[in-house]
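# Fold and contact review
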Amino acid sequence: MNRIVFSFSKGEETLVLDEPDFGVTEYSGIEATDYELEKSVNSNFIGERLKRKKVLSRPIAISADYLGNEDKSDKRQELIRFFSPFSSGTLTVNHLGVEREIEYEVESFHFTSQNIYDVLEFEIELSCMDPTWVKGWAWKFTLPFKLKERGEPKKNVFNSGHTEAPIEIYFHGPAVNPKITNLSTGEFIRIKRELTSDDILYINTAFGQKKVEIIR
């Protein structure tokens, strides 16, 4: 797939910038985001010392044309409403067959057409407070189940992205003292409880949303 497709979703609504209705003419911000290095000078020594590294929010800008047959006045109002600054959403980018998702807020939206007879041209500027792209995977499985003849039932999950990413897990019972382990660091979360077949263990490690609870 030698193309790039931008899909916006908020609530029940979805808007896809793709042919034949839309043509993306320019975009930026989907690669590595900016970051800040806080440094201190080494007195009487060469160079500096790194104190802190901070990844900044991700700005994404997209320019596109409306090429469809719908009345331009109606489509103009629809786009203005969809990209209202009061509604956040999720942007999914399919770049050469690789798909990633990111949460966004609308920074600005405006039309760049010179007159009413031109193609409907517009620009969208987004701000992504959490700059990390995610795949949006979901794993559904119920314990106990057999993956091998011996040993505890296990499920391995791999992060194929370029940066560390939080996880959101729905862990269906029954199970005794279920445990989630980060195989890269050795860190783990163990719940010292017995889950019945009516219990679901919910774990979220996202920043500002950390939660461990049992849903019955």
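Structure report, in brief. If you're wondering where the values come from, they're calculated on a predicted model, not measured in any experiment.

Further remarks concern the sheet that holds strand E10 (residues 168–172). The strand order E10-E15-E16 describes an open sheet built from 3 strands, whose pairing is antiparallel. Strand pairing shows two members of the sheet lacking a second neighbour, E10 and strand E16 (211–215), which therefore form its edges. With strand direction ignored, the average angle separating the axes of adjacent strands in the sheet is 15°. Here E10 pairs with strand E15 (residues 200–204) via 5 bridges, running antiparallel. Bridge assignment links Glu168 to a residue of E15, and that residue is Asn204.

On the surface, Lys154, Lys179, Arg190 and Lys192 cluster together to form a positively charged patch. Locating Lys179 in the fold gives a position in strand E12 (residues 179–181).

What follows covers the environment of Thr90. Looking at the secondary structure, you find Thr90 in strand E7 (residues 89–95). Separated by 79 residues in the primary sequence, Thr90 and Gly11 place their C-alpha atoms 9.4 Å from one another. Those residues in contact with Thr90 that sit more than four places away from it in its chain are Ser7, Phe8, Ser9, Glu101, Ile102, Glu103 and Tyr104.

Moving on to the pattern of salt bridges. Taken as a whole, this structure holds 6 salt bridges when the rule is applied. The salt bridge involving Asp18 is made with Arg3; its shortest N-O contact spans 3.0 Å. Here Arg3 lies in the segment before strand E1 (4–10) and Asp18 lies in the loop between strand E2 (13–17) and strand E3 (22–28), a separation of 15 residues in the sequence. By relative accessible area, Arg3 is classed as partly exposed at 40%. In this structure, Lys75 engages Glu70 in a salt bridge whose closest nitrogen and oxygen atoms are separated by 3.5 Å.

Parameters and conventions
Per chain, the residues get numbers from 1 upward, laid out in the order the sequence is written. Owing to the predicted nature of the model, reporting of local features is limited to residues with pLDDT of at least 70; listing and counting of side-chain atom pairs is limited to 80 or more, with chain, interface and lining totals taken over all residues. To obtain the side-chain values, all non-hydrogen atoms of the structure were used and water was disregarded. Paired strands are those between which DSSP finds at least two bridges. Counting from the N terminus, the helices are DSSP H or I runs at least four residues long and the strands are E runs at least two residues long. Fitted lines through C-alpha atoms serve as axes, helices being fitted only where they are in contact, and the angles separating the N-to-C directions of these axes extend from 0 to 180 degrees. Every patch collects residues that have over 30% relative accessible area and no salt bridge, joining them within 9 Å if they carry like charges and within 5 Å if they are nonpolar side chains (Val, Leu, Ile, Met, Phe, Trp, Tyr). Exposure was quantified through the Shrake-Rupley algorithm and a 1.4 Å probe, taking into account, for residues, occlusion by the shown protein chains and nothing else. One speaks of a salt bridge when a side-chain nitrogen belonging to Lys or Arg is within 4 Å of a carboxyl oxygen belonging to Asp or Glu. Charge counting treats Lys and Arg as positive and Asp and Glu as negative, with His and both chain ends excluded. Charge positions are represented by NZ for Lys, CZ for Arg, CG for Asp and CD for Glu. Residues are treated as being in contact if the distance between any of their heavy atoms lies within 4.5 Å. When a residue's accessible area, from a 1.4 Å probe over protein chains only, is under 20% of the maximum for its type it is buried; when over 50% it is exposed; and in between it is partly exposed.

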